[in-house]
Amino acid sequence: MPNRNEIPALFSGLLPKNNILTSAEMLRPYECDGYTAYKSLPLAVLLPETTQQVIEIVKACQRESLPIVTQGAGTGLSGGAHPISNGILLNLSKFNHILEINSELQYAHVESGVRNLATSEAASEFGLYYAPDPSSQIACTIASNIAENSGGVYCLKYGLTLHNLLEITFVTIDGDLITIGSEC
Ligand SMILES: Cc1cc2nc3c(=O)[nH]c(=O)nc-3n(C[C@H](O)[C@H](O)[C@H](O)COP(=O)(O)OP(=O)(O)OC[C@H]3O[C@@H](n4cnc5c(N)ncnc54)[C@H](O)[C@@H]3O)c2cc1C
C-alpha cells in the first residue's frame, strides 16, 4: 500500500495538482463529517471534476489496495463520510452542475454534488421545489441524500429520497459506470 509521500505521483496523471490535497493543513477540514466525536486525516483528499476521473481513481485505488471513502458536503451525522487514515477521501463537491429542470415532467437532472437547496432554487421559477428536506439542505448534496435516504418533515407528505428518485448513474468499486431506473 502506498504511503502519503507516494500519493501525488500515483494520481498526478489523473488529476490537476490542485485537486490532490496531501498536506496536513489542507487535509484538516476533511478530518470528520458532522459526527465530530472521531477525527482522522486521510492519506489524501482527491477532488475529481469528471466521471472519467472518478473511474480512473477507483481503478487506481483498487490496484494499490487503497480504501476509499466518498464525501459530499460532510454534514452526515452517522460518520459515513469519516476518512480512513490509510485511505483516500474522494470528495465529489465539484460535481455541482444542474443539467436540466424539466418542468413538464417535473424532474431535475443534476450532478451528484448539487445541494438540495440549489435544486429547489433552480426549480422555483417553475413553481416547483425538491421535496426531501433534511434540515441541512442548504449544504447537503443529492448523492449523499441517496446514500443516506435523507429527508425532513416534508417526507410525511412527499416521502423520503428514495420516493423522489427516478434514475441514478454511478461508478461501482470496480470502476464500471452503471445507470439504473428511468427518467419517466
Ligand atoms: C444540522 C443538520 C441537520 C440535519 N438534518 C437532517 C434531517 O432532517 N434529515 C436527514 O435525513 N439528515 C439530516 N442531517 C444529516 C445529513 O445532512 C444528511 O444525511 C445529508 O444527506 C448528508 O449530505 P452530505 O452531502 O453532507 O453527505 P456526507 O456527509 O458528505 O456523506 C453522507 C454519506 O453519503 C456518502 N456519499 C456522499 N457522496 C456520495 C456519492 N457521490 N456517491 C456515493 N456515496 C456518497 C458518504 O460516503 C456518506 O456515507 C442533518 C445534518 C446536519 C448537520
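For clarity, every value in this text was computed on a predicted model and none was experimentally measured.

What counts as what
Residues numbered from 1 in each chain as written. Predicted model: local features only at pLDDT ≥ 70, side-chain atom pairs only at ≥ 80, totals over all residues. Near = placed C-beta within 6 Å. Helix = DSSP H or I, 4+ residues; strand = E, 2+ residues; numbered from the N terminus. Nonpolar A, V, L, I, M, F, W, Y, C, P; charged D, E, K, R; others polar. Domains from an automatic or database assignment. Contact = placed C-beta atoms within 7 Å. Pairing = 2+ DSSP bridges.

Asks: What exactly am I supposed to notice about the site of the ligand here?
Replies: What surrounds the ligand is a group of 28 residues, the closest being Gly-72, Gly-76, Gly-80, Ala-143 and Ser-144. Put simply, the parts of the chain that give the shell around the ligand at least two residues each are β3 (68-71) and α5 (142-148). No other element matches the 5 residues that α5 contributes to the shell around the ligand. Split by residue class, the shell around the ligand holds 9 nonpolar, 17 polar and 2 charged. Counting residues domain by domain, the shell around the ligand receives three or more from each of domain 1 (4-91) and domain 2 (98-181).

Asks: Help me understand the environment of Gln-71 in this model?
Replies: Looking at the element boundaries, Gln-71 is found in strand β3. Through-space distance from the C-alpha of Gln-71 to that of Leu-27 is 13 Å; in sequence the pair is 44 residues apart. Once residues lying within four places of it in the same chain are set aside, the contact partners of Gln-71 are Ala-81, Leu-89, Leu-90 and Asn-91.

Asks: Can you walk me through the domain arrangement of the chain in this structure?
Replies: Accessible area lost upon the coming together of the parts serves often as the stated size of an interface. Per the domain assignment, the segments making up the chain are domain 1 (4-91) and domain 2 (98-181). In this structure, domain 1 and domain 2 have C-alpha centres spaced 23 Å apart. Contact residues are listed per partner, giving 10 residues for domain 1 and 13 residues for domain 2.

Asks: For this particular structure, what's the right way to read the pairing of strand β7 (residues 167-171)?
Replies: Pairing of β7 with strand β8 (residues 177-181), which is carried by 5 bridges, proceeds in the antiparallel orientation. Residue pairing for β8: Val-171 is matched across the bridge by Leu-177.

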